[in-house]
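Here are the chains, one letter per residue:
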Amino acid sequence: MKNRQITFQILRYNPQDVASKPRLQSYTLEKDSGMTLFIALNEIREQQDPTLQFDFVCRAGICGSCAMMVNGRPRLACRTLISDLPKTIVLTPLPFFELIGDLSVNTGKWMRGMSRHLEAWLHSREESPDLGRIEEKMEPEVAEAVYEMDRCIECGCCIAACGTAQMRQDFVGAVGLGKIARFRLDPRDIRADDDFYELIGDDNGVFGCMSLLACHDVCPKYLPLKTQIAFLRRKMAKIAIRQE
């Protein structure tokens, strides 16, 4: 089968350079069988333009660093096959996050701030937790439910696809709500639903979600985001009604 010639339209912009202006730059490449977008971008950088900026670490859909907009949809470059895309591929950085340059954005800065705001760590009664208790066995179904939400790789795809996040910078998004869902399920965490309400019971939390659920559609780990968000909303709504 003859390889296709693929045209890439890639947004180029260096915010650190006052002379730089956002522009789309074209590159062409012969598609090989089984080529991923990650491989294509590396070939472009190695053979055509060493100045092209994009991020990667693991190449296995685990680190989340290669997320970008592919023809308007958030995807992981390492998990996206060129054969699944049209002959012209438009690549832009994830919106919402601070731009480093070209396709590279600083998701980590926002993720750290969100995690601090939501206190996304295990809360124990003891100042010096008993590590033996922290590692104690759980019922398999409980451990599986906790692990399910722990699979989030903080790639930022859900935030990039979120309508609320584009309007509200402080919205914690599906990734933040997923963290709350994870700690609610963990029997070792001492916080009650009222404590979680203080963190997400407003328009920057679960009530800010417009229920478009694009986050669920684009999650590369296929997390049950719509189920968790709906569950949290029902729980938090009951608390809000009780407090009125």
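The rules we used
Residues numbered from 1 in each chain as written. Predicted model: local features only at pLDDT ≥ 70, side-chain atom pairs only at ≥ 80, totals over all residues. Heavy atoms only, no water. Helix = DSSP H or I, 4+ residues; strand = E, 2+ residues; numbered from the N terminus. Buried < 20%, exposed > 50% of the residue type's maximum accessible area, 1.4 Å probe, protein only. Contact = heavy atoms within 4.5 Å. Phe/Tyr/Trp six-rings, centres within 6.5 Å; stacked < 30°, edge-to-face > 60°. Pairing = 2+ DSSP bridges.

Engineer: Quick question: what am I supposed to make of the environment of V172 here?
Structural biologist: Its place among the elements puts V172 in the loop between α6 (163-167) and α7 (173-185). Residue class for V172 comes out buried when judged on its relative accessible area of 2%. Every residue in contact with V172, bar those within four places of it in the chain, is listed here: W110, M114, H117, L118, I159, L177, N204 and G205.

Engineer: I tried to follow the packing of aromatic side chains on my own but got confused; where do I start?
Structural biologist: Working definition: an aromatic ring pair is given by the centre-to-centre distance plus the angle between the planes. Summed over all chains, the structure comprises five aromatic pairs. Summarising the aromatic geometry, the rings of F38 and F56 are spaced 4.9 Å apart at their centres and angled 70° between planes, so their arrangement reads as edge-to-face. With F38 in helix α1 (residues 37-47) and F56 in the loop between α1 and β3 (67-70), this residue pair connects regions lying 18 residues apart in the sequence. By relative accessible area, F56 is classed as partly exposed at 32%. Measuring from centroid to centroid gives 5.4 Å for F96 and W110, while their planes differ by 85°, and the two rings are edge-to-face. Taken together, the residues span a long stretch of sequence, with F96 in the loop between β5 (88-92) and β6 (98-101) and W110 in helix α2 (residues 107-118) at a distance of 14 residues.

Engineer: What is the right way to look at the pairing of strand β4 (residues 73-76) in this model?
Structural biologist: The side chains of a regular strand alternate between the sheet's two faces. Residues P74 and L76 point to one face of β4 and are all buried, whereas R73 and R75, pointing to the other face, are not buried. The sheet contact formed by β3 and β4 spans four bridges and is antiparallel. Considered in β4, the bridge of M69 is made with P74. Count of turn residues in the β3/β4 antiparallel hairpin: two residues, of which N71 carries a positive phi of about 50°.

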